[in-house]
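Summary of the model geometry
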Amino acid sequence: LERTLSMIKPDAVGKQLIGTILQRFEQAGFTVVAAKLMQLTREQAEGFYAEHEGRDFYEPLIEFMTSGPTMALVLQGEDIIPAYRELIGKTDPTQAAAGTIRADFAESTRLNAVHGSDSPESAAREIAYFFVDDEIC
Ligand code: ATP
């Protein structure tokens, strides 16, 4: 079994979509093994997205990600990293397949409802960024 770091971003939390999105995750067969609601500090958001520093979308991304609460989750399942990315759809919701979380709930490429790790290496880094071992069931 594989794990991924999921975030329900501030746009989706603000639209009362936590329950709806968690239902999509559970219906897909993913198990929630850790969860935390928090408002990211600028330092936390900058560290999380450090790979994008200097890109034109970086500063607005940091502002968005610190604008309200985010739910961070560790999800577990078989081949979950690709399966989860398929469930959420492409970063740009106009490119996301019908029925994906981003097609249904994202407003834009920035306000795109959810995050998911893109590889086992980033999943390990991102899970450790938000959770210590004894917070993961
Ligand atoms: P995530 O990492 O959140 O799952 P991703 O892997 O699809 O998204 P990345 O390229 O890692 O996308 O970008 C991280 C986040 O930065 C995106 O989810 C989005 O919120 C924002 N972002 C990326 N590219 C753009 C862009 N061109 N314009 C605005 N926001 C962007």
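Note that the structure is a prediction, hence the values are computed from the model and not measured. (Residues numbered from 1 in each chain as written. Predicted model: local features only at pLDDT ≥ 70, side-chain atom pairs only at ≥ 80, totals over all residues.)

1. Description of the sheet that holds strand β1 (residues 2–8)
Read from one edge of the open sheet, 4 strands run β2-β3-β1-β4, paired in antiparallel fashion. Taken across any chain shown, the strands that pair with only one partner, and hence form the sheet edges, are β2 (31–38) and β4 (114–116). Shown here is a sheet whose adjacent strand axes are inclined to one another by a mean of 20 degrees, direction ignored. As judged from the 3 bridges shared by β1 and β4, these two strands associate in the antiparallel manner. What sits directly across from I8, in β4, is V114. (Pairing = 2+ DSSP bridges. Helix = DSSP H or I, 4+ residues; strand = E, 2+ residues; numbered from the N terminus. Axes fitted to C-alpha atoms, helices over the stretch in contact; angles between N-to-C directions.)

2. Quick word on the site of the ligand
Taken together, F57, L61, T91, T109, R110, N112, H115, G116 and D118 make up the full set of residues adjacent to the ligand. Each residue belonging to the shell around the ligand can be placed in one class, and the counts come to 2 nonpolar, 5 polar and 2 charged. (Near = placed C-beta within 6 Å. Nonpolar A, V, L, I, M, F, W, Y, C, P; charged D, E, K, R; others polar.)

3. Observations concerning the nonpolar core
One finds A12, I21, L75, Y84, I101 and V114 to be the most contacted residues of the largest nonpolar core, which totals 26 residues. Among the secondary structure elements, those contributing two or more residues to this core are β1, α2 (18–27), β3 (70–77), α5 (80–88), α6 (101–105) and α7 (120–130). For I101, the residues in contact, after removing those within four places along its chain, are I21, R24, L87, I88, G89, A113 and V114. In terms of nonpolar packing, the next biggest core, distinct from the first, is built from 5 residues, A45, F48, I62 and M65 among them. (Core = buried A, V, L, I, M, F, W, Y, C linked by C-beta atoms within 7 Å. Buried ≥ 20, exposed ≤ 12 C-beta atoms within 10 Å, placed from the backbone. Contact = placed C-beta atoms within 7 Å.)

4. Quick look at unusual backbone geometry
Although it is not a glycine, D79 adopts a positive phi angle of roughly 45 degrees. Summarising the element assignment, D79 is placed in the loop between β3 and α5. Although it is not a glycine, A113 sits at a positive phi angle of roughly 75 degrees.

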